[in-house]
Amino acid sequence: MNFKQIGVSFKGSGSYVPNQILTNSKISNKVDTSDEWIKSRTGISQRRISGLEESVTQMGYKAAMSAIQMTKWDIETIDLIVLATSTPNDLFGSAPGIQAKLGANNAVAFDLTAACSGFLFALITASQFLKGGTYKRAIVIGADQMSSYVDWNDRRSCILFGDGAGAIAIEATNEFDNLIGFNMRTDGRKGSFLNLPSNKKKDSIIDNIEFSSGGFSPIQMNGQEVYKFAVREVPLIIQDLFKKVNYNSDKVDWLLLHQANQRILDSVGDKLKFSKGKILSNLQNYGNTSAGTIPLMMDEAIRKKTIKQNDIIATSGFGAGLSWGAALIKWG
Ligand code: ACO
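Just so you know, these numbers come straight off a predicted model, no measurement behind them.

## Structural notes on helix α4 (residues 95–102)
Part 1 of the reasoning: When we look at burial in α4, the residues that qualify are A95, I98, Q99 and L102. Taken end-on, α4 shows its buried residues confined to a sector of 105°, consistent with a single buried face.
Part 2 of the reasoning: Of the surrounding elements, those touching the buried residues of α4 are α3 (56–71), β4 (80–84), β5 (108–112) and β6 (137–145).
Part 3 of the reasoning: Just downstream of α4, G103 is the residue with a positive phi angle, here 75°.

## What to know about the pairing of strand β10 (residues 201–206)
Part 1 of the reasoning: Of all 6 residues in β10, 0 are buried; the element is thus mostly exposed.
Part 2 of the reasoning: Where β10 lies against strand β11 (residues 209–213), 5 bridges are found, and the strand directions are antiparallel. Across the sheet, residue K202 finds its bridge partner in β11, namely S212.
Part 3 of the reasoning: The antiparallel pairing of β10 with β11 creates a hairpin that spans 2 residues between the two strands, and D207 there sits at a positive phi of about 45°.

## Some words on the site of the ligand
Part 1 of the reasoning: In the vicinity of the ligand there are 26 residues, among which T33, R41, C116, Q224 and N261 approach most closely.
Part 2 of the reasoning: W37 places a polar side-chain atom, nitrogen or oxygen, 3.4 Å from a nitrogen atom of the ligand.
Part 3 of the reasoning: Separating an oxygen atom of the ligand from a side-chain N or O atom of Q224 is a distance of 2.5 Å.
Part 4 of the reasoning: Its free accessible area being 1,000 Å², the ligand has 76% of it covered by the protein chains.

## Some details on the nonpolar core
Part 1 of the reasoning: The biggest cluster of nonpolar side chains holds 45 residues, and the ones touching the most others in it are I238, L255, L257 and F318.
Part 2 of the reasoning: Secondary-structure elements contributing two or more residues to this core are α7 (223–245), β13 (254–257), α8 (262–271), β14 (312–319) and β15 (323–330).
Part 3 of the reasoning: Among the elements that line this core, the one with the most residues is α7, at 9 residues.
Part 4 of the reasoning: The residues touching L257, leaving out its near neighbours within four places in the chain, are V234, I238, L265, V268, I294, S316 and F318.
Part 5 of the reasoning: If you look at the next biggest cluster of nonpolar residues, it comprises 36 residues, including L112, A114, A126 and A172.

## A short note on the domain arrangement of the protein chain
Part 1 of the reasoning: Domains assigned within the protein chain are domain 1 (7–177) and domain 2 (180–189 + 219–330).
Part 2 of the reasoning: Listed by partner, the interface residues are 45 residues for domain 1 and 41 residues for domain 2.
Part 3 of the reasoning: Of the roughly 3,400 Å² buried between domain 1 and domain 2 on both sides combined, carbon and sulfur atoms contribute 63%.
Part 4 of the reasoning: Where domain 1 packs against domain 2, one counts 0 salt bridges.
Part 5 of the reasoning: Viewed at the interface, domain 2 and domain 1 are joined by 17 residue pairs in polar contact (both at pLDDT 80 or more).
Part 6 of the reasoning: The residue inventory of the side of domain 1 that touches domain 2, partitioned by class, reads 22 nonpolar, 16 polar and 7 charged.

## Thoughts on the packing of α3 against α4
Part 1 of the reasoning: Orientation of α3 relative to α4, taken along the N-to-C sense of each, is 50°, at an axis distance of 9 Å. In this view, α3 runs oblique relative to α4, as classed from their interaxial angle. The hand of the α3/α4 crossing is right-handed. Where α3 approaches α4, its residues V56, T57, G60, Y61, A64, M65 and I68 are matched on the opposing element by G97, I98, K101 and L102.

## Some words on the packing of aromatic side chains
Remark: the centre distance and the inter-plane angle together describe each pair of aromatic rings, the angle taken between the planes.
Part 1 of the reasoning: Within this structure, the stated rule accounts for 3 aromatic pairs.
Part 2 of the reasoning: Plain terms: the ring middles of F229 and W324 are 5.3 Å apart, the flat faces sit at 80° to each other, and that makes the pair edge-to-face. One end of the pair, F229, is in helix α7; the other, W324, is in strand β15, and 95 residues separate them in sequence. Like W324, F229 is buried.
Part 3 of the reasoning: A cation sits over an aromatic face here: K101 above Y61, 5.2 Å from the ring centre.
Part 4 of the reasoning: The lysine or arginine in question, K251, covers the ring of Y247, its NZ or CZ lying 4.8 Å from the ring centre.

## What to know about unusual backbone geometry
Part 1 of the reasoning: With an omega of -10°, the peptide bond running from G321 to L322 counts as cis.
Part 2 of the reasoning: With respect to the secondary-structure elements, L322 resides in the loop between β14 and β15.
Part 3 of the reasoning: For K72, which is not a glycine, the phi torsion comes out positive at approximately 65°.
Part 4 of the reasoning: Here K72 shows up in the loop between α3 and β4.
Part 5 of the reasoning: A relative accessible area of 74% means that K72 is categorised as exposed.
Part 6 of the reasoning: Positive phi values are uncommon outside glycine, yet N246 reaches one of about 60°.
Part 7 of the reasoning: Following the sequence through the fold, N246 ends up in the loop between α7 and β13.

## Describing the pairing of β6
Put simply, side chains in a regular strand alternate between the two faces of the sheet.
Part 1 of the reasoning: Summarising burial for β6: 9 of the 9 residues are buried, a large majority.
Part 2 of the reasoning: Where β4 and β6 come together, 5 bridges link them in parallel fashion. Within β6, the residue paired with V82 across the bridge is V140.
Part 3 of the reasoning: Of the strand pairs in this sheet, β6 and strand β7 (residues 163–173) are connected by 9 bridges, and their pairing is antiparallel. What sits directly across from V140, in β7, is I168.

Scoring rules and cut-offs
Residues numbered from 1 in each chain as written. Predicted model: local features only at pLDDT ≥ 70, side-chain atom pairs only at ≥ 80, totals over all residues. Heavy atoms only, no water. Buried < 20%, exposed > 50% of the residue type's maximum accessible area, 1.4 Å probe, protein only. Helix = DSSP H or I, 4+ residues; strand = E, 2+ residues; numbered from the N terminus. Arc of directions from axis to C-beta. Contact = heavy atoms within 4.5 Å. Pairing = 2+ DSSP bridges. Near = heavy atom within 4 Å. Polar contact = N/O pair within 3.5 Å; in protein donor to acceptor, adjacent residues only side chain to side chain. Areas by Shrake-Rupley, 256 points an atom, 1.4 Å probe, with all protein chains shown as cover. Core = buried A, V, L, I, M, F, W, Y, C linked by side-chain atoms within 4.5 Å. Domains from an automatic or database assignment. Buried area = accessible area lost by both parts, 1.4 Å probe. Salt bridge = Lys/Arg side-chain N within 4 Å of Asp/Glu carboxyl O. Nonpolar A, V, L, I, M, F, W, Y, C, P; charged D, E, K, R; others polar. Axes fitted to C-alpha atoms, helices over the stretch in contact; angles between N-to-C directions. Parallel < 35°, antiparallel > 145°, perpendicular 65-115°, else oblique. Left-handed = near helix turned anticlockwise from the far one by under 90°. Phe/Tyr/Trp six-rings, centres within 6.5 Å; stacked < 30°, edge-to-face > 60°. Lys NZ or Arg CZ within 6 Å of the ring centre and 35° of its normal.

Here it is, written out as structure tokens:
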């Protein structure tokens, strides 16, 4: 350890989505909505729903394995696995389960929770271990099984979410830094706009010793407030990042935003003067997979050779917390 590195390079990507497809028209058999309403308000046509055998650990494992295969690394050389998720299999942490399935026996593995900003925060966190010289190789995973926590009777929120995972492999280098810059923000005062809260119930163990039994309520969301927050704050945090690292949208090849709503993507793109062709979007097929969206989109674009070696990507995650962040990346 202590490699005295100065930066990170991006070495591989992977992703996984469940096979079950839930189309808008199928949702309209459950709640009072329509394909036309959902498409025009969100851009989403369908989403994937985990089957009974699928989970954050299983999706995260598949995505991570596919990223590792792209790198051709020996699995034993991986030092760090960070799993961004809000919907773990195990509240004590799901990353160790992924480590075990991978056979990455020399890696330390832990979970990080920051909802839809989770992947971005995990990428930045892992990068600090690499830039500081502590570790050399890391896998950063974003995986969420939102279907388990969506209120499938609430038409204002259930139409948005789906399940999926993505992963990125990064390596320390002493030659350059392809994580060009980043920004992170949180405003807990506005946390009530989007929650997946515990619904603790009063119980007693014995005599006067009371305790709260655990459990969670479905997702609660004030859609309009979250929308306003995203279209206001995301352009600002990206502009601030551009200023810090002396960039502008002309020098950026791709805008890769958390895939929440096509109208949010278009509005942020307009404000930052990105042409439509530079805004990456796949939410039509998957909806909002929370921590999964950014690496899932990244992996698709890399495998289709839309994102090429040395392309510059401005990325931003935003959501519950409220939390939001941005990073400027050179792929490779
Ligand atoms: N089908 C049909 N009608 C609907 C539906 C639906 N699925 N949902 C709401 N409506 C109705 C409402 O009841 C309302 O009717 P009313 O005027 O008679 O009361 C009308 O449509 C308009 O409702 P709004 O809530 O104003 O609709 P809006 O245009 O804001 O779209 C949406 C709602 C799509 C949720 C939008 O606000 C949005 O995308 N917000 C961002 C949410 C988000 O991205 N959340 C995830 C963040 S990431 C994370 O951390 C998990």
